[in-house]
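Chain residues, written in single-letter form:
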Amino acid sequence: MTLKSKFKVENQVVFLFSVFYIIAGAVEVFYLVAENFAAPPHIGVLGLLSLITAYGLFKMRKWSVLLVTALFFLGITFGATTLYNSVTLQTFEGALLFHTALITYMIMLLIAFIYVVAKRKKFE
């Protein structure tokens, strides 16, 4: 049994974006819980929205296009300000893995946004 038939995947690219949003949402929620909810609350909101978006993309729902668009703007703003503050407060080499992860997150948000908005007619 292949992965495609097991999950009833209609579009493999959208499935990969769904996996991306699951991972991003899980990391953000885990970070919030690991910090005993002392982290900024918007991280939890982004995590919850990412998990809801992953479900919508997996089911190819029309409302997931709106959530992908909202998460693009929210995530890029969050990533860019966090990256800027992190770079100005410490050297880039000091937190290279963190900075690389943030840059990758923002690039994946951009790619997912462009693809989903371009293919929005395929969502029911």
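For the structure itself, consult the block above.
Reference entry: report on the structure contained in this document. Everything numeric in this text was worked out from a predicted model, so none of it was measured.

Some points on a nonpolar patch on the surface
Right, so step 1: Together, I22, V29, V33, F37 and L51 give the surface a local cluster of nonpolar side chains, amounting to about 420 Å² of exposed area.
Right, so step 2: With respect to the secondary-structure elements, F37 resides in the loop between helix 2 (12-34) and helix 3 (41-58).

Digging into the packing of helix 2 against helix 5 (residues 96-118)
Right, so step 1: Running from amino to carboxyl end, helix 2 crosses helix 5 at an angle of 140 degrees, the nearest separation of the two axes being 11 Å. Viewed along their axes, helix 2 and helix 5 adopt a mutual orientation that is oblique. Considering only the axes of helix 2 and helix 5, their crossing is left-handed. Contact residues: V13, V14, F17, F20, Y21, A24 and E28 in helix 2; Y105, M108, L109, I111, A112 and Y115 in helix 5.
Right, so step 2: Here the contact of helix 2 with helix 5 is built from residues that sort into 12 nonpolar, no polar and 1 charged.

Some details on helix 3
Right, so step 1: With 18 residues, helix 3 extends 26 Å between its outermost C-alpha atoms, agreeing within 8% with the 26 Å of an ideal straight helix rising 1.5 Å per residue.
Right, so step 2: Listing the buried residues of helix 3 in full gives I43, G44, L46, G47, S50, T53, A54, G56 and L57.
Right, so step 3: Immediately downstream of helix 3, the backbone of M60 shows phi near 60 degrees, a positive value.

So, the packing of aromatic side chains
Here the distance between the centres and the angle between the planes together describe a pair of aromatic rings.
Right, so step 1: Enumeration over the complete set of coordinates arrives at 7 aromatic pairs.
Right, so step 2: Centre to centre, the rings of F72 and F113 are 4.3 Å apart; their planes meet at 5 degrees, and the pair counts as stacked. Here F72, found in helix 4 (residues 63-89), pairs with F113, found in helix 5; they are 41 residues apart in sequence, far enough to count as distant. Residues F72 and F113 agree in their burial class; the two are buried.
Right, so step 3: Considering the side-chain rings of F73 and F113, the 6.0 Å spacing of their centres and the 65 degrees angle between planes classify their relative orientation as edge-to-face. With a gap of 40 residues between them, F73 in helix 4 and F113 in helix 5 connect regions that are remote in the sequence.
Right, so step 4: Residue class for F113 comes out buried when judged on its relative accessible area of 17%.
Right, so step 5: Here the aromatic residues F20, Y21 and Y105 are joined through ring pairs into a cluster of three or more.

Rules behind the numbers
- Residues numbered from 1 in each chain as written.
- Predicted model: local features only at pLDDT ≥ 70, side-chain atom pairs only at ≥ 80, totals over all residues.
- Heavy atoms only, no water.
- Patch = residues over 30% accessible without salt bridge, like charges linked within 9 Å, V, L, I, M, F, W, Y side chains within 5 Å.
- Areas by Shrake-Rupley, 256 points an atom, 1.4 Å probe, with all protein chains shown as cover.
- Salt bridge = Lys/Arg side-chain N within 4 Å of Asp/Glu carboxyl O.
- Helix = DSSP H or I, 4+ residues; strand = E, 2+ residues; numbered from the N terminus.
- Axes fitted to C-alpha atoms, helices over the stretch in contact; angles between N-to-C directions.
- Parallel < 35°, antiparallel > 145°, perpendicular 65-115°, else oblique.
- Left-handed = near helix turned anticlockwise from the far one by under 90°.
- Contact = heavy atoms within 4.5 Å.
- Nonpolar A, V, L, I, M, F, W, Y, C, P; charged D, E, K, R; others polar.
- Expected span 1.5 Å × (residues − 1).
- Buried < 20%, exposed > 50% of the residue type's maximum accessible area, 1.4 Å probe, protein only.
- Phe/Tyr/Trp six-rings, centres within 6.5 Å; stacked < 30°, edge-to-face > 60°.

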